[in-house]
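Examination of the molecular architecture
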Amino acid sequence: MSGRLAAFIREEAGADTVTIANEKRLAGGAIQENRALDVEIAGGPHAGSHALVLRTEAKSSVPLSQPVANQFACLERARSVGMTVPEPLWRSDDPEIVGAPFYLMRRVEGEALGNRVVRQGPNPSLAERLGRELARLHGVVPPDDALGFLGELPADPAAAGIALYRGFLDAEAVPHPVIEWGLRWLDTHPVAPGEIVLCHHDFRTGNYMVQDGRLTGILDWEFAGWADPMEDVAWFCARCWRFGAHALEAGGIADRAPFYAGYEAESGRGIDPEKIRFYEVMAHVRWAVIALHQCGRHLSGGEPDLELALIGRRLPELEHEILRLTAPGGRDA
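First things first, this report covers the structure right here in the doc.

Conventions and cut-offs
Every chain begins its residue count from 1, and numbering advances along the sequence as written. It should be noted that, the model being predicted, local features are given only for residues of pLDDT at least 70 and side-chain atom pairs only at 80 or more, the latter also being counted only at that level, while totals for whole chains, interfaces and linings use all residues. Derived side-chain values reflect all non-hydrogen atoms in the structure, with water molecules and hydrogen atoms excluded from consideration. Secondary structure follows DSSP: runs of H or I at least 4 residues long count as helices, runs of E at least 2 residues long count as strands, and numbering of each begins at the N terminus. Our radius of gyration is a C-alpha quantity, and the globule rule it is checked against amounts to 2.2 Å times the number of residues to the power 0.38. All accessible areas in this document rest on Shrake-Rupley with a 1.4 Å probe, and a residue is counted as covered only by the protein chains that are shown. Under the convention used here, Asp and Glu are negative, Lys and Arg are positive, and both His and the chain ends fall outside the count. A single reference atom marks each charge: NZ on Lys, CZ on Arg, CG on Asp, CD on Glu. In this scheme, a residue with accessible area under 20% of its type's maximum is buried, one over 50% is exposed, and one in between is partly exposed, where area comes from a 1.4 Å probe on protein chains only. Whenever two N or O atoms come within 3.5 Å, that pair is a polar contact, provided that in protein one can donate a hydrogen and the other can accept it, and provided that, for residues adjacent in sequence, both atoms are side-chain atoms. In this description, contact between two residues means that some pair of their heavy atoms is separated by no more than 4.5 Å. To define axes, lines are fitted to C-alpha atoms, for helices over the stretch in contact only, and angles between the resulting N-to-C directions are given on a 0 to 180 degree scale. Note on convention: near helix rotated counterclockwise from far helix by under a right angle means a left-handed crossing. Clockwise means right-handed. For two strands to count as paired, DSSP must find a minimum of two bridges between them.

The next thing to look at is the overall build of the protein chain. Each helix and strand in the protein chain was counted, giving 12 helices and 9 strands. Expected size for 333 residues packed as a compact globule is a radius of gyration near 20 Å; at 20 Å, the protein chain falls within 12% of this value. C-alpha extents for the protein chain along the principal axes are approximately 65 × 45 × 40 Å. Just so you have it, the protein chain exposes about 14,300 Å², and 51% of that area is on carbon and sulfur atoms. Taking the 33 positively charged and 47 negatively charged side chains of the protein chain as two groups, their mean positions are separated by 4 Å.

Right, here's the structure in full:
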């Protein structure tokens, strides 16, 4: 792989020679595979030493995941509006180079594993910064020529999400009555359609890098798409992404207040509590459906992997939270 990849980088970078060293697979990334590369480029405008990440298409995927070419475009668009993201460099759809379509981006330093991030303790300033980052993303609105691949806008993003997850659940061989209940609750507690913006759809602790308590990069753009901005806000605050620090409702790193304050100050958009509750229920329904698909990748034999198998074991906690949020009184019940 290194020889073909070095030749690709040499051509894209306009270099004389390229040497790749210290290639290793990175932890995390249950959908795509990420590898750290140390690259030495001689000649051309990119001459020097570069710490990069190679992100490749997975052997199998979940239906909601964008191909790497689309992820690369979303990363470029996020960078263009001032978000703190790794710099996207080059991509290719040629599977002969590394065995699958891929892109290369600069490697950012820091910790991303959610359980380690929350163990660093409360960090209101980080939560406030993340609120501002999310608001910058939500400043991207349709139509947008760079994001044409995202398809037509949903007239009602919430209703479209319910229909999508119900279709996935109906295809499952084993019934999941608690998830069905969650979908029914969403059906009977609709929220009015509002503005549509570019959403990350996986903006949470575990998908950003932190070094010395400061944000260094927002990762994992495979679920990006057009939706209601409150869906992203609720996803960040969902209990399933607090990694055990449940009292800190903004991603396990702070109370909601600094996260909300950063978002509102940067976007000029108010937080709608009714929509947040609705989309927190949807967050757990959605993550439960994704968990079923992830586990299915293992069970099908297409991609035997212990991490994928263990994701399926998270269903009970997701179902418990669906029941808690939909009880009379909601999350305070």
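Following the sequence through the fold, Asp 220 ends up in the loop between strand 8 (214-218) and strand 9 (225-227). In this structure Asp 220 comes out as buried when scored by relative accessible area, which is 17%. Within the structure, the side chain of Asp 220 is placed 3.3 Å from the side chain of Arg 55, a separation counted as a polar contact. Excluding its chain neighbours within four sequence positions, the residues that come into contact with Asp 220 are Arg 55, His 200 and Asn 207.

Moving on, we get to the packing of helix 5 (residues 124-137) against helix 9 (residues 256-267). Taken N-terminus to C-terminus, the directions of helix 5 and helix 9 make an angle of 35°; their axes are 7 Å apart at the nearest point. Read as a crossing pair, helix 5 and helix 9 show a hand that is right-handed. Of the residues in helix 9, those in contact with Pro 124, Ala 127, Glu 128, Leu 130, Gly 131, Arg 132, Leu 134, Ala 135 and Arg 136 of helix 5 are Pro 258, Phe 259, Gly 262, Tyr 263, Ala 265, Glu 266 and Ser 267.

Glancing now at the pairing of strand 7 (residues 208-211). Relative to strand 8, strand 7 runs antiparallel, the two sharing 4 bridges. Across the sheet, the residue bridging to Tyr 208 is Ile 218, located in strand 8. Turn length for the strand 7-strand 8 hairpin, with the two strands adjacent in sequence and antiparallel, is 2 residues, and the turn residue Asp 212 shows positive phi of about 55°.

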